[in-house]
Amino acid sequence: MLISNRKTFALTVATLCSTLALAVTHAARADEPAAAAASPLMVKAAGAPDMSQAEFDSSKEIYFQRCAGCHGVLRKGATGKPLTPDITQSRGQPFLEALITYGSPAGMPNWGTSNALTKDQITSMAKFIQHTPPTPPEWGMAETLKTWKVLVKPEDRPKKQLSKLNLPNLFSVTLRDDGKIALIDGDSKKIVKLIETGYAVHISRISASGRYLLVIGRDARIDMIDLWPVEPTKVAEVKVGIEARSVETSKFKGYEDKYTVAGSYWPPQFTIMDGETLEPKQIVSTRGMTVDKQEYHPEPRSSPPTNGRSSSSTSRKPARSCWSITRTSKTSPSPTSMPRRSCMTAVGTARTATS
């Protein structure tokens, strides 16, 4: 009887232990999602400091907004020096943080001492440029058409100037970080109107007729503003890429305001549009071989177009060549690539003709 009771007791204790072990296992598994959620996703690359996904994404946005214009979207260098991992990793974290903070005599801004970036942002940026550059998406006609908007149709616009503005003395001033421009009357020095635009407008261009103002942000968004209504009015907009700096309108006699051309940094291409509606007509890639060393360049950025007697020219930086966009009465614009030496002659003639 005593032995039987002992067996029963041992069996009961074993069962209890098994139940407790099972409960502990279930509790641990239940805590796993919470633990996973508490641990941030990490971005890792050979030779580069680890970054959280949030840090990486934030730094990527800062690089696009502040750095890509000089160092290139792919970080292969342009106006500024290349920032590829083989270079940045050899410099090390402390050097990169100091460079970003204080800048350099060669033209690197002092992002830290100017308070443009915080210490934490500088630390993250120094890490980010030691990682492999993320390749941005392409941007074709389908993406461009999705962003195209005609806010006021040409037939619904005034047939003559209704505003009392002195248009030749009207200024377009970029409010960079506010994503706006301010139209300022040069006679009274008063702000006529604030207009929302793309991010960090880089260039404002007036059309041949003086009627339309075109502005393009670094995010490649173009806004067309009609200056003839009683109050300046945005009449069309379109986004021609991921990053851009330039826009221009046709000014040759007989083609005034007929076409608009915008050059993009990424993707490296330029877009030809209708001059009154910004409807995209043709996209031309500028990727290709450099003229001097005959090497393939993945990011020959398209710079500001310049008007000539019968064509526009847009250069391919840094591929050392440009495109001539010829206009005739019988055909659509016809882009042709040519070496930089010929390009400089064409652009020089264009500037003389339009000055």
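Residues numbered from 1 in each chain as written. Predicted model: local features only at pLDDT ≥ 70, side-chain atom pairs only at ≥ 80, totals over all residues. Heavy atoms only, no water.

## Side note on the sheet that holds strand 12 (residues 259–266)
Argument step 1. An order of 11-12-13-14 is seen for the four strands of this open sheet, with the pairing classed as antiparallel. Unpaired on one side and paired on the other, strand 11 (243–249) and strand 14 (280–285) mark the two borders of the sheet. Recorded for the sheet is a direction-independent mean angle of 20 degrees between the axes of neighbouring strands.
Argument step 2. Examined bridge by bridge, strand 11 and strand 12 share six bridges and lie antiparallel to one another. Bridge pairing in strand 12 places A244 opposite S264. (Pairing = 2+ DSSP bridges. Helix = DSSP H or I, 4+ residues; strand = E, 2+ residues; numbered from the N terminus. Axes fitted to C-alpha atoms, helices over the stretch in contact; angles between N-to-C directions.)

## Regarding the pairing of strand 7 (residues 201–206)
Argument step 1. Inspection of the sheet shows strand 7 paired to strand 8 (residues 212–217) by five bridges, in the antiparallel sense. Following the sheet pairing, I206 is matched in strand 8 by L213.
Argument step 2. Taking the residues between adjacent antiparallel strands as the criterion, strand 7 and strand 8 are bridged by five residues, where G210 takes a positive phi near 80 degrees.

## Let's talk about the sheet that holds strand 3 (residues 149–150)
Argument step 1. The strand order across the open sheet formed by five strands is 3-10-9-8-7, and the pairing between neighbours is antiparallel. Looking at which strands have only one partner, the edges of the open sheet turn out to be strand 3 and strand 7.
Argument step 2. Sheet topology places strand 8 next to strand 9 (residues 221–226); five bridges connect them, and they run antiparallel. Following the sheet pairing, L213 is matched in strand 9 by I225.

## Some details on the confidence of the model for the chain
Argument step 1. Here the chain averages 81 in pLDDT, while 74% of its residues score no lower than 70.
Argument step 2. A low-confidence stretch, residues 308–316 (pLDDT under 50), is modelled with 54 contacts involving residues beyond four sequence positions or located in other chains.
Argument step 3. Every residue in residues 340–355 scores below 50 in pLDDT, and together they form 20 contacts with partners more than four places removed in sequence or on other chains. (pLDDT = per-residue confidence, 0-100. Contact = heavy atoms within 4.5 Å.)

## Details of the nonpolar core
Argument step 1. Y63, I100, L117, M125 and F128 are the most contacted members of the largest nonpolar core, which has 23 residues in total.
Argument step 2. Tallying contributions element by element places helix 2 (residues 53–71) first for this core, with six residues.
Argument step 3. Once you skip the residues sitting within four places of it in the chain, I100 turns out to touch M108, P109, N110, W111, G112, L117, I122, M125 and A126.
Argument step 4. Counting residues in each nonpolar core, the second largest holds 16 residues, with I222, M224, V238 and V240 among its members. (Core = buried A, V, L, I, M, F, W, Y, C linked by side-chain atoms within 4.5 Å. Buried < 20%, exposed > 50% of the residue type's maximum accessible area, 1.4 Å probe, protein only.)

## Points about the packing of aromatic side chains
Ring pairs (aromatic) are described by centroid distance and by the angle formed between their planes.
Argument step 1. Following the criterion strictly, the structure yields three aromatic pairs and no others.
Argument step 2. Taken together, a centroid distance of 6.1 Å and an interplanar angle of 50 degrees make the contact between Y63 and F128 tilted. You can see Y63 sitting in helix 2 and its partner F128 sitting in helix 5 (residues 119–128), a full 65 residues away along the chain.
Argument step 3. Taking 6.0 Å as the distance between ring centres and 25 degrees as the angle between the ring planes, the aromatic pair formed by F252 and Y255 counts as stacked.
Argument step 4. Grouped by ring-pair contacts, the aromatic residues F56, Y63 and F128 constitute a single cluster. (Phe/Tyr/Trp six-rings, centres within 6.5 Å; stacked < 30°, edge-to-face > 60°.)

## A closer look at the side chain of T147
Argument step 1. Among the structural elements, T147 can be located in helix 6 (residues 141–147).
Argument step 2. Overall, the relative accessible area of 18% leaves T147 in the buried class.
Argument step 3. Of note is the side chain of T147, whose polar atom sits 2.8 Å from the backbone oxygen of T144.
Argument step 4. The residues contacting T147, other than those within four sequence positions of it, are W139, E237, V238 and K239. (Polar contact = N/O pair within 3.5 Å; in protein donor to acceptor, adjacent residues only side chain to side chain.)

## Focus on helix 2
Residue pairs three or four apart in sequence face the same way in an α-helix, which turns once every 3.6 residues.
Argument step 1. Between its terminal C-alpha atoms helix 2 stretches only 23 Å, short of the 27 Å expected from 19 residues at 1.5 Å a residue.
Argument step 2. Of all the bends in helix 2, the greatest measures close to 50 degrees and is centred on Q65.
Argument step 3. Of all the positions in helix 2, only F56, S59, I62, Y63, F64, C67, A68, G69 and H71 are classed as buried.
Argument step 4. Where helix 2 terminates, the next one or two residues include G72, which has phi positive at roughly 90 degrees. (Expected span 1.5 Å × (residues − 1). Bend = angle between axes of the 7 residues up to and from the residue.)

## Thoughts on the environment of S58
Argument step 1. Within the fold, S58 resides in helix 2.
Argument step 2. Take S58: its relative accessible area is 38%, and that puts it in the partly exposed class.

## Some points on the side chain of E237
Argument step 1. Mapped onto the elements, E237 comes out in strand 10 (residues 233–239).
Argument step 2. In this structure E237 comes out as buried when scored by relative accessible area, which is 11%.
Argument step 3. When sequence neighbours within four positions are dropped, the list of residues in contact with E237 reads T147, W148, K149, L151, R221, I222, D223 and L278.

## With respect to the pairing of strand 12
Argument step 1. Taken across its eight residues, strand 12 has eight buried, putting it largely inside the fold.
Argument step 2. Summarising the sheet, strand 12 and strand 13 (residues 269–274) pair through six bridges and their orientation is antiparallel. The residue bridging V261 from the neighbouring strand is I272, located in strand 13.
Argument step 3. Two successive antiparallel strands, strand 12 and strand 13, enclose a turn made up of two residues.

## Description of the environment of V150
Argument step 1. The residue V150 is located in strand 3 in this model.
Argument step 2. Placed 127 residues apart in sequence, V150 and T277 show a C-alpha to C-alpha distance of 6.2 Å.
Argument step 3. Those residues in contact with V150, other than ones at most four positions away along the chain, are R157, V235, A236 and T277.

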